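Understanding the architecture of this molecule
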Amino acid sequence: MLVLALDTATDAVAVGLLEVPAVEGPATVLASRVRAGARQHGEQLMPAVLEVCAAAGRQLADVDAVVCGAGPGPFTGLRVGLVSAAGLGDALGVPVYGVCSLDAVAASALDPVALDPAVGSAATLDAAALHTAAGGVGALLVVSDARRREVYWAAYDGAGHRVAGPAVDTPAALAERVTELGVRRVAGPAAAAHAELLGLAEYPAAGAALAPSPAGLVAAAGDDLRTGADPAPLRPYYLRRPDAVPPAARKRVSLG
């Protein structure tokens, strides 16, 4: 099965084309692109999709399914990814599976095979292998930047199942819950910035800032993707209301 995976829930745009076996086994990343910074999701997403297809020697028409990160993340970035994924699915006549973007980070962290070399360096992969050989990652906290001096977060057990979240909190409020959540390490785009406050070691290595990767997205989609199950409606994890609000009605001015 040829799968197009994409995520725009962070400042980066992540796109990959993967071959996914129908039975158990890791997906093969045929090509991937991760474009960081500038929040230019609209300008970067479709060029990256065309680039991975060209790099893999495939056509968009060859794609059998689309997997899209559904956040949590800022409104504008999420809309770009979700609308694009839905449009591609409709145009190609293929199913579109939405997954929590934090789940994709956890899938990569808890299964080093899902770590995409385009996202992490060779040193990152080596560190992940060493951690796994030493007994696994254990319970994990995943955090990403929610702006407004807040973070999006979710907690996972050692098997990668989400046990709390996704939610949005200040880093200080989240730090007060670390003991309750029972997590041992922290990963994600905002991990490097908050690891010290949270009192947790960053995984897979200090400064890694692990982001949603195409392989992680596919891993998060799980059996539904592999079996061709009907996908759930594509819904974003916004978690809070937008900053923009409709203008208030104008006050009437009395001339009397």
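As a starting point, this report considers the structure included with it.

Rules behind the numbers
- Going along each chain's sequence as written, the residues are numbered from 1 onward.
- Residue-level local features of this predicted model are given only where pLDDT is at least 70; pairs of side-chain atoms are given and counted only at 80 or more, and the full residue set underlies all totals for whole chains, interfaces and linings.
- Hydrogens and waters are ignored; side-chain quantities use all the structure's heavy atoms.
- Where helices and strands are cited, they refer to DSSP runs of H or I of at least four residues and of E of at least two residues respectively, numbered from the N terminus.
- Here, residues are in contact when the closest pair of their heavy atoms is within 4.5 Å.
- Three exposure classes are used, based on accessible area relative to the maximum for each residue type with a 1.4 Å probe and protein chains only: buried under 20%, partly exposed in between, and exposed over 50%.
- Note on geometry: axes are lines fitted to C-alpha atoms, helical ones only across the stretch in contact, with angles between N-to-C directions running from 0 to 180 degrees.
- Angle categories are assigned with fixed cut-offs, so that under 35 degrees is roughly parallel, over 145 is roughly antiparallel, 65 to 115 is roughly perpendicular, and the rest are oblique.
- Residues are grouped as follows: Ala, Val, Leu, Ile, Met, Phe, Trp, Tyr, Cys and Pro are nonpolar; Asp, Glu, Lys and Arg are charged; every other residue, Gly included, is polar.
- Expected helix span is given by 1.5 Å per residue-to-residue step, counting one fewer step than there are residues.
- Bend, in this description, refers to the angle at a residue between axes fitted to the seven residues ending there and the seven starting there.

For Leu30, the location among the structural elements is in strand β3 (residues 28-35). When the C-alpha positions of Leu30 and Arg58 are compared, they lie 9.6 Å apart, and in sequence the two are 28 residues distant. Among residues more than four places away in sequence, those in contact with Leu30 are Leu2, Leu17, Leu18, Glu19, Ala56 and Arg58.

As a further point, take unusual backbone geometry. Omega for the bond connecting Gly165 with Pro166 falls within 30 degrees of zero, at 5°, which places this linkage in the cis form. Relative to the assigned elements, Pro166 resides in strand β8 (residues 162-169). Residue Pro204 is bonded to the preceding Tyr203 through a cis peptide linkage, with omega at 5°. Inspection of the secondary structure puts Pro204 in the loop between β10 (201-202) and α8 (214-227). Unlike most non-glycine residues, Arg147 shows phi in positive territory, near 65°. Relative to the helices and strands, Arg147 is located in strand β6 (residues 140-147). With phi around 60°, Arg149 is a residue other than glycine that occupies positive phi space. Following the sequence through the fold, Arg149 ends up in the loop between β6 and β7 (150-156). Given the relative accessible area of 79%, Arg149 is considered exposed.

Moving on: the packing of helix α3 (residues 101-110) against α8. Running from N to C, α3 and α8 point in directions that differ by 100°, and their axes come no closer than 7 Å. When the interaxial angle is binned, α3 and α8 end up roughly perpendicular. Taking contact as the criterion, the partners of Asp103, Ala104, Ala107 and Ser108 in α3 are, on α8, Gly216, Leu217, Ala219 and Ala220. Here the contact of α3 with α8 is composed, by residue class, of 5 nonpolar, 2 polar and 1 charged.

For α8, with 14 residues, the first-to-last C-alpha span of 19 Å sits near the 20 Å given by 1.5 Å per residue. Where α8 bends most, the angle comes to about 80°, and this point is Ala221. Residues Pro214, Ala215, Gly216, Leu217, Val218, Ala221 and Leu225 constitute the buried set of α8. In this structure, the buried residues of α8 make contact with β1 (2-7), β2 (13-19), β3, β4 (65-69), β5 (96-99) and α3. Gly228 sits one or two residues past α8 and shows a positive phi near 75°.

Geometric descriptors of this kind do not, in isolation, establish any biological role.
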